[in-house]
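The primary structure of each chain is shown beneath.
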Amino acid sequence: MINKAFVQKHFDRSVSQYDKGAGLHRFIADKLLAMASLNGHKKNILEIGCGTGYLTSMICSGWNPENLTAVDISNNMIESTKERCLFHDNIEFIRKDGERLSFEDGRKFDLVVSSSTFQWFNDIYSSFKHYHSMIEDGGEFLFSMFVEDTFCELFQAFEKACVINKRPAMKPGQKLFGVGKVREFLRAAGFKEKDSFFEKHVVTFSSFDDLREKIKKMGFSNSNEDIGYISKRVAFDLKKIYAAEFCNDKKEIQATYSVFYYIGKK
Ligand SMILES: C[S@@+](CC[C@H](N)C(=O)[O-])C[C@H]1O[C@@H](n2cnc3c(N)ncnc32)[C@H](O)[C@@H]1O
């Protein structure tokens, strides 16, 4: 179970460093935008997890919507988006858990969009169902999210370090769904798929410490309720195993990010 207070704290802290390390996130957001066609149905847009506002500003400049509602759980992220989108006066900012959104005025949207955020949700099926109810008939749902196999090297090295030290094998991060499961949730929530694809990105780091520092700066810290205790011995072995087993010819450390891209219609 993901603790939302931890998620908020991690992203509040990472805001000043986020853009420096967000190369992959930008690449993903650009790909996501390229999936959607400008078909004149994007007057009212809801964005979940706006972060520092890269996608928000691209949408406002490129699609010129009448209104965009930008939601993020982190206050600092919202402030950062406000700064980046200073010249767009059609954005409403809401600091809230995007998983439990409700609007008293019962407003509906032509498009719900989100990039690299749903992996922080506890119950994505319920969220998908809820977004379906908030989208106008004929409206669209466009998103990317990290799925199963993201940081598979870290999970494998950690498991081995736990076995060596006779510790119960726990995951050093939240459980990520596979693509099949996410598609099943989307169908059950009522969406009709227009297009979707899955991509793996292998990113390299100079050392294990470099990897750890960089993912922490991107807000990717363990936000599980049952975070558990990682002994110094396990941490030491984790680093050793990772560096030995998951490096390339140049001795760079590798980390896999698995990304699912989707566009569907109500
Ligand atoms: C990895 S960042 C992605 C930000 C941006 N969409 C991008 O592509 O750069 C994830 C963002 O989702 C936000 N977030 C995480 N869980 C959330 C939730 N339950 N509701 C709303 N925002 C959330 C975080 O605060 C963070 O800004």
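Shown above is the structure to which this text applies.
Residues numbered from 1 in each chain as written. Predicted model: local features only at pLDDT ≥ 70, side-chain atom pairs only at ≥ 80, totals over all residues.

Quick look at the overall build of the protein chain now. Along the protein chain, the regular secondary structure elements total 9 helices and 7 strands. On C-alpha atoms alone, the protein chain measures out to a radius of gyration of 19 Å, which is about the 18 Å that the 2.2 N^0.38 rule sets for 266 residues. The principal-axis extent of the C-alpha atoms belonging to the protein chain is close to 55 × 40 × 35 Å. The buried share of the protein chain, taken over its 266 residues, is 38%. Here the analysis covers contacts within the protein chain between residues at least 6 apart in sequence; of these, 80% occur between residues at least 24 apart. (Helix = DSSP H or I, 4+ residues; strand = E, 2+ residues; numbered from the N terminus. Rg over C-alpha atoms; globule rule 2.2 N^0.38 Å. Buried ≥ 20, exposed ≤ 12 C-beta atoms within 10 Å, placed from the backbone. Contact = placed C-beta atoms within 7 Å.)

Taken together, 26 residues are adjacent to the ligand, and F11, G49, G51, G98 and W120 come closest. Those elements giving two or more residues to the shell around the ligand turn out to be α1 (4-18), α2 (23-35), α3 (54-63) and β2 (67-72). In terms of residues, the shell around the ligand owes the most to one element, α1, which gives 3 residues. Residue classes in the shell around the ligand are distributed as 13 nonpolar, 9 polar and 4 charged. (Near = placed C-beta within 6 Å. Nonpolar A, V, L, I, M, F, W, Y, C, P; charged D, E, K, R; others polar.)

Listed as buried for helix α7 (residues 179-189) are V182, L186 and A189. Mapping the buried residues of α7 onto a view down its axis gives an arc of 65°, with all of them on the same face. Among the exposed residues of α7, those oriented more than 90 degrees off its buried face are G180 and A188. Those residues of α7 hidden inside the fold are in contact with α5 (124-134), β6 (192-205) and β7 (253-265). G190 sits one or two residues past α7 and shows a positive phi near 110°. (Arc of directions from axis to C-beta.)

Moving on to the nonpolar core. The biggest cluster of nonpolar side chains holds 65 residues, and the ones touching the most others in it are I45, V112, F141, F143, V147, A157 and Y242. Non-local contacts of F143, meaning those with residues more than four positions away in its chain, are made with V113, S114, S115, F118 and Y262. (Core = buried A, V, L, I, M, F, W, Y, C linked by C-beta atoms within 7 Å.)

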